[in-house]
Amino acid sequence: MHRLTVIDSHTAGEPTRVVLDGFPDLGGGSLAQRRERFREDFDPWRSAIACEPRGSDTMVGALLQAPVDPACAAGVIFFNNVGYLGMCGHGMIGMTRTLAHLGRIVPGEHLIETPVGVVGVELHADGRVSIDNVESHRARTGVAVEVPDYGTVVGDVAWGGNWFFITSQSPVPLSLAHEPALTAYTKAIQRAIDAAGIGGDDGGVIDHIEINGAAPDGAGQARNFVLCPGGAYDRSPCGTGTSAKLACLAADGMLGEGERWVQQGILGSAFEGTYRKGDRGVLPRITGQAWLTGSAEILLEPDDPFVWGIRGVALRP
């Protein structure tokens, strides 16, 4: 029987599962190299951890790793129900809160290694966490795609640690009551983008769709709905999505360096964002809060027909 030790949390409503112990050794090399080893040799473990019956379509896993850079407090590989993420804003906030709970970090500034670069985090005394995300930029603007049943949808292609297609067009208001319609719409956009071969720089795959509009309750500047890889919507305002949005705002001259942006998610929970100018785009700082929800020992029984998750039956090693 395999045993994995995990700690669960949620950030503004979106879950994170930090894997502390029991995962197969990924060896040395960079975090990007270890992520590829994870993908190629141990993908059933991803499904077992993140997917039902132990996880859900919304679960993001965070596999703790020893960093290459000794200046970093930890390394991490993020994954979800269908694959792997370059960075994860809500997951980084949740992991930082978990590291504090474990006594591995104290309030102050720290560095965390990811497959797409080193990310700075600051644990505040009140429990909030700020992340200094990887440099974000808008790659293309005014991109039009024909979406069956919805017509022409125009948006921006931007990088915030993952690739996003961001549009302000929505067939229904951005409220949780309209989640089924918003999910259907963003899935249709994703299919249309894939069919049209629209991507980010160097063929980067756009795997997040973001609708952005005004906050309906006046409590924030904006509200978004973000479709994540695997078809689940982000319960949080999405850290990498907020970073990509800041890059678009800066490119349009709608938000100045150091100005505060309040980004609600579809639940009404909010992140705060600011940016500094970067070499190519912006250097975003995203602030939010996470809460611990549980600690567990996950058991993988070899005779369980769903030991590798309901999405992972075909992945059985």
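Quick look at the overall build of the protein chain now. Looking only at helices and strands, one finds 5 helices and 17 strands in the protein chain. At 19 Å, the protein chain has a C-alpha radius of gyration in line with the 20 Å of a compact globule built from 317 residues. Considered along the principal axes of its C-alpha atoms, the protein chain spans approximately 50 × 45 × 35 Å. The buried share of the protein chain, taken over its 317 residues, is 55%. Of the roughly 12700 Å² of accessible surface on the protein chain, a fraction of 49% belongs to carbon and sulfur atoms. On the protein chain, the mean spot of the 25 positive side-chain charges and the mean spot of the 37 negative ones are 1 Å from each other.

What follows concerns the side chain of D156. Assignment of secondary structure puts D156 in strand β10 (residues 151-159). A distance of 3.1 Å separates polar atoms of two side chains, one belonging to D156 and the other to R138. Look past the residues within four positions of D156 in its chain and what remains in contact with it is R138, R140, T141, G142, F164, F165, I166 and C248.

Cis geometry marks the peptide bond from E52 to P53, where omega comes out at 10°. Phi angles above zero are rare outside glycine, and D202 is one such case at about 55°. Structurally, D202 can be placed in the loop between α4 (179-196) and β12 (208-213). Positive phi values are uncommon outside glycine, yet C238 reaches one of about 70°. Within the secondary structure, C238 sits in the loop between β13 (222-227) and α5 (239-251). For C238, a relative accessible area of 4% corresponds to the buried category.

So, on to the pairing of strand β2 (residues 14-21). The element β2 is largely enclosed, with a buried count of 6 among its 8 residues. In this sheet, β2 lies alongside strand β1 (residues 2-11) in antiparallel orientation, the contact comprising 7 bridges. Bridging across to β2, S9 finds its partner in T16.

Now for the environment of L31. With respect to the secondary-structure elements, L31 resides in helix α1 (residues 31-41). The exposure class of L31 is buried, given its relative accessible area of 3%. Along the backbone, L31 and E113 are 82 residues apart, and their C-alpha atoms lie at a distance of 7.3 Å. In this view, L31 contacts Q65, A66, G75, V76, I77, E113, T114 and P115; residues no more than four positions away in its chain are not counted.

Attention now moves to the nonpolar core. Ranked by size, the top nonpolar core spans 57 residues in total, and within it F78, M92, I131 and F165 carry the most contacts. With 6 residues, the top contributor of residues to this core is α4.

Attention shifts here to the environment of A247. Mapped onto the secondary structure, A247 falls in helix α5. Taking the C-alpha atoms as reference, A247 lies 5.8 Å from V282; in sequence the two are 35 residues apart. Not counting residues within four places of it along the chain, the set of residues in contact with A247 comprises S136, H137, R138 and V282.

Reading guide: rules and limits
Residues numbered from 1 in each chain as written. Predicted model: local features only at pLDDT ≥ 70, side-chain atom pairs only at ≥ 80, totals over all residues. Heavy atoms only, no water. Helix = DSSP H or I, 4+ residues; strand = E, 2+ residues; numbered from the N terminus. Rg over C-alpha atoms; globule rule 2.2 N^0.38 Å. Buried < 20%, exposed > 50% of the residue type's maximum accessible area, 1.4 Å probe, protein only. Areas by Shrake-Rupley, 256 points an atom, 1.4 Å probe, with all protein chains shown as cover. Lys, Arg positive; Asp, Glu negative; His and termini not counted. Charge placed at Lys NZ, Arg CZ, Asp CG, Glu CD. Polar contact = N/O pair within 3.5 Å; in protein donor to acceptor, adjacent residues only side chain to side chain. Contact = heavy atoms within 4.5 Å. Pairing = 2+ DSSP bridges. Core = buried A, V, L, I, M, F, W, Y, C linked by side-chain atoms within 4.5 Å.

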